[in-house]
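A structural walkthrough
Here is what each chain is made of, one letter per residue.
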Amino acid sequence: GANEQGFDFNILNDLAESIKKISSKSIKVSIVLGGGNFIRGSSFSNGVVDRVTSDYMGMLGTVINSLALQSNLEKIGVPSRVMTAISINRVAEPYIKNKATRHLQKGRVVIFGSGTGNPFFSTDTAAVLRASEMKCDVIFKATKVDGIYDSDPVSNINAKKFNNISFDDVIKNNLKIMDTASISLSKENKISIIVFSLLEENSLIKICEGKGSFTLINWGDYEF
């Protein structure tokens, strides 16, 4: 939300309620959360704290977010599990692919924390990796803008929005909505990406109904 750090509870509540409605339609939902509202490992490394340590600190931030979302989901009656790539057994299950798959089959929402568990890899890459392992049909990439533009829509009111764009064009035009590794991995595993704004109320529900504002990243010949 508007906070530089910490939580925006209105957005957290809206997200949980949206996930509840989606799950009620028998759609299997798995989630990868970032930790930028607490710390971004790549930008925190400044010569005082080394990059590897700062990345691990960022991973812990994602676990805090995962626990907050899980708590909110459980409160409104949505069974969920947090699984982490680094071992934090007191608060979350270790990530095991087959166990995560069974959780999804039983109708639970699975929240993947701590990224890939490795420094130098973004949570975008973690999202595509987990989506590939869980055999997801589509990735929803939540941001602060309602899709991909050819320039920053905040600073340029004439920025052009793409409704559909190919993986290759995202990479070729250096549209930094996600890092190149995650875009390439998504293309390789044939998983489309929908980029949308989390700040718009009920945005997740609208997109699942084919409405709302978003950008679809795919092979250039497919419409949502």
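Residues numbered from 1 in each chain as written. Predicted model: local features only at pLDDT ≥ 70, side-chain atom pairs only at ≥ 80, totals over all residues. Heavy atoms only, no water.

Let us now look at the sheet that holds strand E5 (residues 138-143). Hydrogen bonds along the backbone pair up the strands of a sheet, which may run parallel or antiparallel. One open sheet accounts for four strands, arranged E5-E9-E10-E8; its pairing is mixed. Two strands in the sheet have a free side with no partner beyond their single neighbour: E5 and strand E8 (164-166). Pairwise comparison of adjacent strand axes, ignoring direction, gives a mean angle of 25° for this sheet. One ladder, built from three bridges, connects E8 with strand E10 (residues 215-218); its direction is parallel. Bridge pairing in E10 places Asn164 opposite Leu216. (Pairing = 2+ DSSP bridges. Helix = DSSP H or I, 4+ residues; strand = E, 2+ residues; numbered from the N terminus. Axes fitted to C-alpha atoms, helices over the stretch in contact; angles between N-to-C directions.)

Moving on, we come to the nonpolar core. Ile19, Ile31, Leu69, Leu73, Val109 and Ile111 are the most contacted members of the largest nonpolar core, which has 24 residues in total. Those elements that provide at least two residues to this core are helix H1 (9-23), helix H3 (51-75), strand E4 (109-113), strand E9 (192-197) and helix H8 (203-208). With five residues, H1 is the single largest residue contributor to this core. Beyond its immediate stretch of four places on either side in the chain, Leu73 contacts Ala16, Ile19, Val78, Ser80, Val109 and Ile111. By size, the runner-up hydrophobic cluster in this structure holds 16 residues, among which are Ala131, Phe162, Ile177 and Ile217. (Core = buried A, V, L, I, M, F, W, Y, C linked by side-chain atoms within 4.5 Å. Buried < 20%, exposed > 50% of the residue type's maximum accessible area, 1.4 Å probe, protein only. Contact = heavy atoms within 4.5 Å.)

With that settled, consider the packing of aromatic side chains. Going through the model one piece at a time under the given rule, you end up with five aromatic pairs. Relative to Phe112, the ring of Tyr95 has its centre 5.4 Å away and its plane inclined at 85°; by these criteria the two rings are edge-to-face. Here Phe112 lies in strand E4 and Tyr95 lies in the loop between strand E3 (93-94) and helix H4 (97-105), a separation of 17 residues in the sequence. Like Tyr95, the residue Phe112 is buried in the burial classification. Arranged with centres 5.5 Å apart and planes meeting at 70°, the rings of Phe167 and Trp219 form a pair that is edge-to-face. With Phe167 in helix H6 (residues 167-172) and Trp219 in the segment after E10, this pair connects stretches of sequence that are 52 residues apart. (Phe/Tyr/Trp six-rings, centres within 6.5 Å; stacked < 30°, edge-to-face > 60°.)

All chains considered together, the criterion is met by 10 salt bridges. Residues Lys206 and Glu200 are paired through a salt bridge, measuring 2.9 Å at the closest nitrogen-oxygen approach. Its relative accessible area of 29% is what places Lys206 among the partly exposed residues. On the accessibility criterion, Glu200 (28% relative accessible area) is partly exposed. Between Glu209 and Lys211 there is a salt bridge whose closest N-O contact spans 3.8 Å. (Salt bridge = Lys/Arg side-chain N within 4 Å of Asp/Glu carboxyl O.)

Take the packing of helix H5 (residues 123-133) against helix H7 (residues 180-188) next. The N-to-C vectors of H5 and H7 enclose an angle of 15°; their axes lie 8 Å apart at closest approach. Classified by the interaxial angle, the pair formed by H5 and H7 is roughly parallel. Crossing hand, H5 versus H7: left-handed. Seen from H5, the contacting residues are Asp124, Thr125, Val128 and Leu129; seen from H7, they are Ala181, Ser182, Leu185 and Ser186. (Parallel < 35°, antiparallel > 145°, perpendicular 65-115°, else oblique. Left-handed = near helix turned anticlockwise from the far one by under 90°.)

The quantities given are spatial measurements derived from coordinates; they are silent on function.
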